[in-house]
Amino acid sequence: MPEKNKSLGEQVSEQITKLIIENHWDVGDRLPSEYELARMLGVGRSTVREAIRALVSRNVLEVRRGAGTFISKKCGVADDPLGLAFIRDKLKLAQDLMEIRLMIEPQIAEIAATKADHDGIEALRLACIETENKILAGQPHMDADIRFHTAIASCSNNLVMPNLIPIISRSIEVFIGLTVKTLLQETIETHREIVSAIAEHDAHRAHDAMLLHLVYNRRTIDDIVRRQG
């Protein structure tokens, strides 16, 4: 889109993004103040505020009251990039999301087993333990489960892979919402097997362990569909 068709706020949003990239600012880094940004970019502070609001809405920045503006840990990835929250038929959504996960997650686990380093494996172990402890304590485990799958994607050491997590996360949210307290022991066992395979850099076993984990989930969803059909 030509520059002349963009508002000044949009142009400044792009300039701030360019500053982040060119200065190698990283997640958690604090941006210069509104006054400093306005001086650097040659615009008014109100325009800078407009640009920052736009970048916050896109998960590029986050504003901490009294502390300043920081680069978001979400790295500009939308929480619901495909607009899945607006789909009303949650059972059909769960089935269709499972099809997508079956296509990509076993491969993610396989790559993770090949490329995972020590720190990645430790983060994955911790996420697995956290999920298991919450399940055994009868506590909500969805957030821990999402962190577990996020850790697998991070173990792949692929720059794009973690950006697929919002789709996987949404699937986990929908699945847990539908199934409530089913498959808890299966989740514990298959998570352990996935961690073991990745830690031992056994790509084929990691692939199959993730596949089994997802097949259990698919069967449960299909059973719910049959009962309600």
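In this text, all values refer to a predicted model and were calculated from it rather than measured experimentally.

## Points about the overall build of the protein chain
When you go through the protein chain residue by residue, the secondary structure sums to nine helices and two strands. In sequence order, the secondary structure elements of the protein chain are arranged as α-α-α-β-β-α-α-α-α-α-α. Overall, the C-alpha framework of the protein chain stretches about 60 × 45 × 35 Å when taken along its three principal axes. Buried residues in the protein chain amount to 41% of all 229 residues. Long-range pairs, those at least 24 residues apart, make up 66% of the contacts in the protein chain with a sequence separation of at least 6. Carbon together with sulfur atoms contributes 53% to the accessible area of the protein chain, which is approximately 13000 Å² in total.

## Here we look at unusual backbone geometry
With phi around 55 degrees, His24 is a residue other than glycine that occupies positive phi space. Mapped onto the fold, His24 is located in the loop between helix H1 (8–22) and helix H2 (34–41).

## Things to note about the confidence of the model for the protein chain
Put simply, the protein chain has an average pLDDT of 87, and 91% of its residues get 70 or more. The weakest mean pLDDT in the protein chain belongs to helix H7 (residues 165–179) at 73; the strongest belongs to helix H5 (residues 118–136) at 96.

## A few points about the nonpolar core
Leu124, Phe148, Ile152, Ile194 and Ile198 are the most contacted members of the largest nonpolar core, which totals 40 residues. Among the elements of the structure, helix H4 (90–115), H5, helix H6 (142–155), H7, helix H8 (184–199) and helix H9 (203–228) are those that each provide at least two residues to this core. Ranked by the residues each element gives to this core, the list is headed by H4, at nine residues. Here Ile198 is in contact with Ala109, Ala112, Ala113, Ala116, Ile121, Leu124, Ile152 and Ala206, once residues within four sequence places are set aside. By size, the runner-up hydrophobic cluster in this structure holds 16 residues, among which are Leu31, Leu37, Val48 and Leu55.

## A few points about the pairing of strand E2 (residues 68–71)
Where strand E1 (residues 61–64) and E2 come together, four bridges link them in antiparallel fashion. Across the sheet, residue Leu61 finds its bridge partner in E2, namely Ile71. The antiparallel hairpin formed by E1 and E2 contains three residues in its connecting segment, where Gly66 sits at a positive phi of about 80 degrees.

## Concerning the packing of H4 against H6
Closest axis-to-axis distance for the H4/H6 pair is 7 Å, and the angle between their directions is 55 degrees. Relative to H6, H4 is oriented oblique. For the element pair H4 and H6, the recorded crossing hand is left-handed. Residue-level inspection shows Arg101, Glu105, Ile108, Ala109, Ala112 and Lys115 of H4 in contact with H6, the latter providing His149, Ile152, Ala153 and Cys155. When the residues that make up the contact of H4 with H6 are grouped by side-chain class, the tally is six nonpolar, one polar and three charged.

## What about the packing of H1 against helix H3 (residues 45–57)?
Packing of H1 against H3 leaves a shortest axis separation of 8 Å and a crossing angle of 70 degrees. In terms of orientation, H1 lies roughly perpendicular with respect to H3. Classified by chirality, the crossing of H3 by H1 is right-handed. Contacts between H1 and H3 pair Leu8, Gly9, Val12, Ser13, Ile16 and Thr17 from the former with Thr47, Glu50, Ala51, Ile52, Ala54 and Leu55 from the latter. For the contact of H1 with H3, a count of residues per class yields seven nonpolar, four polar and one charged.

## Let's talk about the pattern of salt bridges
Overall, the coordinates contain 13 salt bridges when judged by the stated rule. As a salt-bridge pair, Glu130 and Arg147 come within 2.6 Å of each other at their nearest N and O atoms. Residue Glu130 is located in helix H5, and its partner Arg147 is located in helix H6; the two are separated by 17 residues in the primary sequence. The exposure class of Glu130 is partly exposed, given its relative accessible area of 26%. Note that Glu193 is salt-bridged to Arg205, the shortest N-O span being 2.8 Å. Of this pair, Glu193 sits in helix H8 while Arg205 sits in helix H9, and the two are 12 residues apart along the sequence.

Parameters at a glance
- Residues numbered from 1 in each chain as written.
- Predicted model: local features only at pLDDT ≥ 70, side-chain atom pairs only at ≥ 80, totals over all residues.
- Heavy atoms only, no water.
- Helix = DSSP H or I, 4+ residues; strand = E, 2+ residues; numbered from the N terminus.
- Buried < 20%, exposed > 50% of the residue type's maximum accessible area, 1.4 Å probe, protein only.
- Contact = heavy atoms within 4.5 Å.
- Areas by Shrake-Rupley, 256 points an atom, 1.4 Å probe, with all protein chains shown as cover.
- pLDDT = per-residue confidence, 0-100.
- Core = buried A, V, L, I, M, F, W, Y, C linked by side-chain atoms within 4.5 Å.
- Pairing = 2+ DSSP bridges.
- Axes fitted to C-alpha atoms, helices over the stretch in contact; angles between N-to-C directions.
- Parallel < 35°, antiparallel > 145°, perpendicular 65-115°, else oblique.
- Left-handed = near helix turned anticlockwise from the far one by under 90°.
- Nonpolar A, V, L, I, M, F, W, Y, C, P; charged D, E, K, R; others polar.
- Salt bridge = Lys/Arg side-chain N within 4 Å of Asp/Glu carboxyl O.

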